[in-house]
Amino acid sequence: MKKFFNEFKEFIARGNVMDLAIGMVLGSAFTAIVTGLVEGIIMPVISVITGGISFESWVVPLGAGEAAPVLNFGMLVTAIINFIIIGFVIFMVVKAMNKVHARKEAEKAPAPETTKECPYCKSKIDINATRCPHCTSQLEDQA
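Presented here is a report on the structure given in the accompanying data block.

## As for the overall build of the protein chain
Then step 1. The helix and strand inventory of the protein chain stands at three helices and four strands.
Then step 2. In sequence order, the secondary structure elements of the protein chain are arranged as α-α-β-β-α-β-β.
Then step 3. In terms of principal-axis extent, the alpha carbons of the protein chain reach across some 105 × 65 × 25 Å.
Then step 4. The 143 residues of the protein chain split such that 13% are buried.
Then step 5. For the protein chain, contacts bridging at least 24 residues in sequence account for 19% of all contacts bridging at least 6.
Then step 6. For the protein chain, the accessible surface area stands at approximately 11700 Å², while carbon and sulfur atoms represent 68% of it.
Then step 7. Each charge class in the protein chain was averaged separately, 13 positive and 13 negative side chains, and the resulting centres sit 9 Å apart.

## Remarks on the side chain of Ser123
Then step 1. Position of Ser123 relative to the elements: it lies in the loop between strand 3 (115-117) and strand 4 (124-126).
Then step 2. For Ser123, a relative accessible area of 17% puts it in the buried group.
Then step 3. Not counting residues within four places of it along the chain, the set of residues in contact with Ser123 comprises Lys116, Glu117, Cys118 and His134.

## Some thoughts on helix 3 (residues 73-108)
Then step 1. Helix length check: helix 3, at 36 residues, gives a terminal C-alpha distance of 52 Å against a target of 52 Å (1.5 Å per residue), a fit within 8%.
Then step 2. Considered for burial, the residues of helix 3 that qualify are Gly74, Thr78, Ile81, Asn82, Ile85 and Ile86.
Then step 3. For helix 3, the capping residue at the N-terminal end is Asn72, with a side-chain oxygen 3.2 Å from the backbone nitrogen of Gly74.

## With respect to unusual backbone geometry
Then step 1. For Lys122, which is not glycine, the phi torsion reads 65 degrees and is therefore positive.
Then step 2. Structurally, Lys122 can be placed in the loop between strand 3 and strand 4.
Then step 3. Given a relative accessible area of 52%, Lys122 falls into the exposed group.
Then step 4. A positive phi is found at Thr136, a non-glycine position, where the angle reads about 60 degrees.
Then step 5. Mapped onto the secondary structure, Thr136 falls in the segment after strand 4.

## Details of the pattern of salt bridges
Then step 1. Here the structure, examined in full by the defined rule, presents one salt bridge.
Then step 2. A salt bridge links Lys108 to Glu105; the shortest N-O distance between them is 3.9 Å. On the criterion of helical spacing, the pair formed by Lys108 and Glu105 is a turn pair, its members being three residues apart in helix 3.
Then step 3. Given the relative accessible area of 64%, Lys108 is considered exposed.

Conventions we followed
- Residues numbered from 1 in each chain as written.
- Predicted model: local features only at pLDDT ≥ 70, side-chain atom pairs only at ≥ 80, totals over all residues.
- Heavy atoms only, no water.
- Helix = DSSP H or I, 4+ residues; strand = E, 2+ residues; numbered from the N terminus.
- Buried < 20%, exposed > 50% of the residue type's maximum accessible area, 1.4 Å probe, protein only.
- Contact = heavy atoms within 4.5 Å.
- Areas by Shrake-Rupley, 256 points an atom, 1.4 Å probe, with all protein chains shown as cover.
- Lys, Arg positive; Asp, Glu negative; His and termini not counted.
- Charge placed at Lys NZ, Arg CZ, Asp CG, Glu CD.
- Expected span 1.5 Å × (residues − 1).
- Polar contact = N/O pair within 3.5 Å; in protein donor to acceptor, adjacent residues only side chain to side chain.
- Salt bridge = Lys/Arg side-chain N within 4 Å of Asp/Glu carboxyl O.

Following this line, the structure appears as structure tokens:
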């Protein structure tokens, strides 16, 4: 039994499991923020633009009477807008992170060669030189 708990402890202590847990917590908090943004700001603006249409009133009754069940299409529209906004924000964050990563990779990349060695006198000369300025040897095109 002790071995089982030690394996479980090792599994939980791995960095990727902790990263996943932190990501889940942040993701749920981010979802709450986006839901508040959509329901409190975007949907009222869309309602004004569309002439006062309220998505919450988009329902289809499935029977007669006040207690009849309804299909609530307004909730679906709101969920789709939430999904689009979350996807867009995640796209922008990933794009920014890729840009930062590419910049760091470019800084790590070695600078292109600007000199070469003369095969005759072993001096450093310009990479485009056709004649060595030190020993005046004619340099062959080297691929």
